[in-house]
There are 2 protein chains.
Amino acid sequence: MVLSKQIVLKNYIESGTPTLEDFEEKTVKISTEELQAEEIVVRLEIVSPDPYMRGRMTSRKSYIPPFEIGKPISGYGIGKVTKAGSSSKYAVGDYIMGQLPWQEEFIYNSNSPYVNKIDSTLAPLESFLSVLGMVGLTAYHGLKEIGEPKQGETVVVSGAAGAVGQLVVQICKIKGCKVVGIAGSDDKIKYLVEELGLDAGVNYNSPTYKLDLGKAVPNGIDVYWENVGGVVSDAVWPLLNKFARIPLCGVISQYNNTEMEVGPRIEGYLLKTSSKLQGFIVSNYISKNGEALKQLAEWYKSGQIKDRHTVDNGFSQIVPSFLALFKGTNTGKMMVKLT
Amino acid sequence: MVLSKQIVLKNYIESGTPTLEDFEEKTVKISTEELQAEEIVVRLEIVSPDPYMRGRMTSRKSYIPPFEIGKPISGYGIGKVTKAGSSSKYAVGDYIMGQLPWQEEFIYNSNSPYVNKIDSTLAPLESFLSVLGMVGLTAYHGLKEIGEPKQGETVVVSGAAGAVGQLVVQICKIKGCKVVGIAGSDDKIKYLVEELGLDAGVNYNSPTYKLDLGKAVPNGIDVYWENVGGVVSDAVWPLLNKFARIPLCGVISQYNNTEMEVGPRIEGYLLKTSSKLQGFIVSNYISKNGEALKQLAEWYKSGQIKDRHTVDNGFSQIVPSFLALFKGTNTGKMMVKLT
């Protein structure tokens, strides 16, 4: 018998900002001695708290079902196989990545389609949760399938210093675009311009934000990558060029609203410019992941893409790190290492 | 010398609903005796007052430039050549269609790329301003390029009894879709259901509009054709299915606003469903007009598409008919016959 801590959702959070009180850390006993066929024991190594998980904390159906109250939350992460039992797929010491429970150690069916083995000799584990994982795929597919940035065009990215944003801006620089990042602090702007080589950065917390954005895009906006929504984007719509493309990846400013926020009706802007606003999730393009990961790995290995992370430590840090996503304190992918 | 009435814009109408006082009917003298090379004399036969023209009555730049104050308004229409001069393209009695001034009789350069000759033996003149003209092309291209309705899918159309709407609903019925029309009166609903064979019609002026729409689309909405915007569309967004497509053709409810209207932020709905909202104007697809007109003519000749018009009469009726568009009194294409 092994004691293992887990994090469960205590109640649905239908609206408003989640707090520590909505989660509970429990200790459970698991018996790892007698494994069933194909069962393995996995120790959680790194957890990826992601904004989309907020949606699973309500009882409303969305593109993935709500979490179950009282059961461990599951999210993207990396675990290490500590017992392989009769598994035909995994050996002790293997790293697996995918949807894993927020639980220190757990029994897992090795036939689950929700995880896959990763080769930890190729890159640091952290990169598999960022540029070489769901985050990288999100940036790649959203640009390839919807944004279609072309050389010389102007791209604006909200949440530019976040996990997906920092990859989007770098891919667009590789494509020869003029890239302007929107972020919430001068430190982040500095990172974007000085370390990632952006053409300009605009701080949405500045009182002159709208003016600053207008000045940063004298030729208008051809691609707007949407991570944030709300008032941050209200400054963007009037600047769209004809045939602008807007990959709609997230609206993190809206996830904790207690009621539907109102804002300017944006259809007129899209109509006037024949622009396209298209929502997507990474799994829409799952059949193209192979080609995408190959390209991302090339860019990463050649140093054309930098991959910064904000790494917190310890199991009890998972919930606070998740909550911090909505304050925008992370630069690059937020993750929590357990060991 | 000939005396000819013309309608000019007296002042820009930056916001609010246009009134009769914003326009002036003037009488001008034109000398038709000595035409320059390629000049012809044209008598205006039918005028097509169109909602998009409201945008040209402000001083703001859009996809087409503003009208010039004091010069005759120009819009889609059909004229008859009364003097052909030395024209190598047109003969007396020919009908030409395109952007023509709101003026009873005028001199025109026959090399203008903005008009073309129509064969009045093929169909009634009115049809060239509807199913066989810009209106038909708008419906055809918007569906083909953005809406992509598939057999068995549910299509909802706002402004369904209007010029473009009545064609969109009929094309979607031909494609084997379940089609629900939104319109503003019970008479229009009756026309849609009884004459055009729609599966249901919903009156947005009914106090139970939102509920009615929900009941009419038990399987959700796969394609939403947007002509209206505002509160009419607010009922639509929560009903979108995964991968919904929204051809954004117009937002007539917004054109006369005195200030930017606010409404629910819609990005969350598009994100959750991976839906696409795309603005367009008919001229984006000009290279495909040939194929489109061929198909529209086939449907029209075979009786698969009916083409209803609201026809007013007389030159002085042009402005009142234009203003009536924003009250939604017309069923089918609004036009004004002068002779």
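Please read these numbers as outputs of a predicted model, since none were measured by experiment. Each chain has its residues counted from 1, following the order in which its sequence is written. Chains and ligands are labelled by the order in which they are written, letters from A for the one and numbers from 1 for the other. Where local features are concerned, this predicted model is filtered to residues with pLDDT of at least 70; where side-chain atom pairs are given and counted, the filter is 80 or more; whole-chain, interface and lining totals use all residues. Based on all heavy atoms of the structure, the side-chain values leave hydrogens and waters out of the count.

Peer 1: Hey, could you run me through helix α2 (residues 134-147) of chain B in this one?
Peer 2: Residues three or four positions apart in an α-helix share a direction because the helix packs 3.6 residues into each turn. Residue and element names in this part refer to chain B. Under the scheme applied here, a residue whose accessible area is under 20% of the maximum for its type counts as buried, over 50% as exposed, and between as partly exposed, the area being computed with a 1.4 Å probe on protein chains only. Helix and strand assignments come from DSSP, with helices taken as H or I runs of at least 4 residues and strands as E runs of at least 2, each series counted from the N terminus. Among the 14 residues of α2, twelve are classified as buried, and the element is accordingly described as predominantly covered. Those residues of α2 lying buried are Met134, Val135, Gly136, Leu137, Thr138, Ala139, Tyr140, His141, Gly142, Leu143, Ile146 and Gly147. Positive phi shows up at Glu148, right after α2, with a value of about 40 degrees.

Peer 1: Whenever I open this one, the packing of aromatic side chains confuses me. Can you help?
Peer 2: When we look at a pair of aromatic rings, we describe it by the centre distance and by the angle of the planes. Aromatic contacts are taken between Phe, Tyr and Trp rings whose centres are within 6.5 Å, Trp giving its six-membered ring; a plane angle under 30 degrees counts as stacked, one over 60 as edge-to-face, and the others as tilted. Counted according to the given criterion, the structure contains 16 aromatic pairs over all chains. Measuring from centroid to centroid gives 6.5 Å for B:Trp102 and B:Phe322, while their planes differ by 65 degrees, and the two rings are edge-to-face. Of this pair, B:Trp102 sits in the loop between β5 (95-101) and β6 (105-109) while B:Phe322 sits in helix α9 (residues 318-324), and the two are 220 residues apart along the sequence. Relative accessible area serves as the criterion here: at 0%, B:Trp102 is assigned to the buried category. Residue classification places B:Phe322 among the buried residues on the basis of a relative accessible area of 0%. Geometrically, the ring pair formed by B:Phe280 and B:Tyr285 is tilted, given 6.3 Å between the ring centres and 45 degrees between the ring planes. Overall, B:Tyr285 belongs to the buried group, its relative accessible area being 13%. Through successive ring pairs, a cluster of aromatic residues spans A:Phe23, A:Trp102, A:Phe322 and A:Phe326. Counting as a charge over the ring demands two things of the Lys NZ or Arg CZ atom: a distance within 6 Å of the ring centre and an angle within 35 degrees of the ring normal. The cationic tip of A:Arg308 hangs over the ring face of A:Tyr191; the distance from NZ or CZ to the ring centre is 4.3 Å.

Peer 1: Would you mind going over the pattern of salt bridges with me for this structure?
Peer 2: Residues and elements named next belong to chain A. By convention in these notes, a salt bridge is any Lys or Arg side-chain nitrogen within 4 Å of a carboxyl oxygen on Asp or Glu. Under the defined criterion, the tally for this structure stands at 28 salt bridges over all chains. Between Arg245 and Glu153 there is a salt bridge, and its shortest N-O distance comes to 2.6 Å. Of this pair, Arg245 sits in strand β12 (residues 240-248) while Glu153 sits in the loop between α2 (134-147) and β8 (154-158), and the two are 92 residues apart along the sequence. Across the pair, exposure class does not vary: Arg245 and Glu153 are buried alike.

Peer 1: So what exactly am I meant to see when it comes to the packing of α2(A) against helix α8 (residues 289-301) of chain A here?
Peer 2: Two quantities define a packed helix pair, namely the angle between the helix axes and the distance between the axes. Residue and element names in this part refer to chain A. Lines fitted to the C-alpha atoms define the axes, with helices restricted to the stretch that makes contact. Angles between their N-to-C directions range from 0 to 180 degrees. Between α2 and α8, whose axes approach to 10 Å, the crossing angle comes to 110 degrees. With respect to α8, the axis of α2 lies roughly perpendicular. Two secondary-structure elements touch here, α2 through Gly136, Leu137, Tyr140, His141 and Lys144 and α8 through Asn289, Glu291, Ala292, Leu293, Gln295, Leu296 and Trp299. Residues are grouped as follows: Ala, Val, Leu, Ile, Met, Phe, Trp, Tyr, Cys and Pro are nonpolar; Asp, Glu, Lys and Arg are charged; all remaining types, including Gly, are polar. Residues that form the contact of α2 with α8 fall into these classes: six nonpolar, four polar and two charged. The cut-offs work like this: below 35 degrees is roughly parallel, past 145 is roughly antiparallel, 65 to 115 is roughly perpendicular, and the gaps in between are oblique. Should any heavy atoms of two residues lie within 4.5 Å, those residues are counted as being in contact.

Peer 1: Looking at this structure, I do not really get the domain arrangement of chain A. What am I missing?
Peer 2: Bring the parts together and some accessible area is lost; that lost area is often taken as the interface size. All names here are of chain A. What the domain assignment lists for chain A is domain 1 (2-130 + 308-337) and domain 2 (134-283). A separation of 29 Å is found between the C-alpha centroids of domain 1 and domain 2. The interface of domain 1 with domain 2 comprises 21 residues on the first partner and 17 residues on the second. Buried area, as used here, totals the accessible surface that two parts lose on assembly, with accessibility defined by a 1.4 Å probe and the loss added over both. The contact between domain 1 and domain 2 buries some 1,500 Å² in all, and 57% of this surface belongs to carbon and sulfur atoms. As annotated, the domain borders come from an automatic or database domain assignment.

Peer 1: Where do I start with the environment of A:Leu3 in this structure?
Peer 2: All names here are of chain A. Summarising the element assignment, Leu3 is placed in strand β1 (residues 2-9). The exposed category is assigned to Leu3, whose relative accessible area is 60%. Residues Leu3 and Gly147, 144 residues apart in the sequence, show an inter-C-alpha distance of 48 Å. Setting aside anything within four residues of it in sequence, one finds Leu3 in contact with Thr27, Val28 and Lys29.

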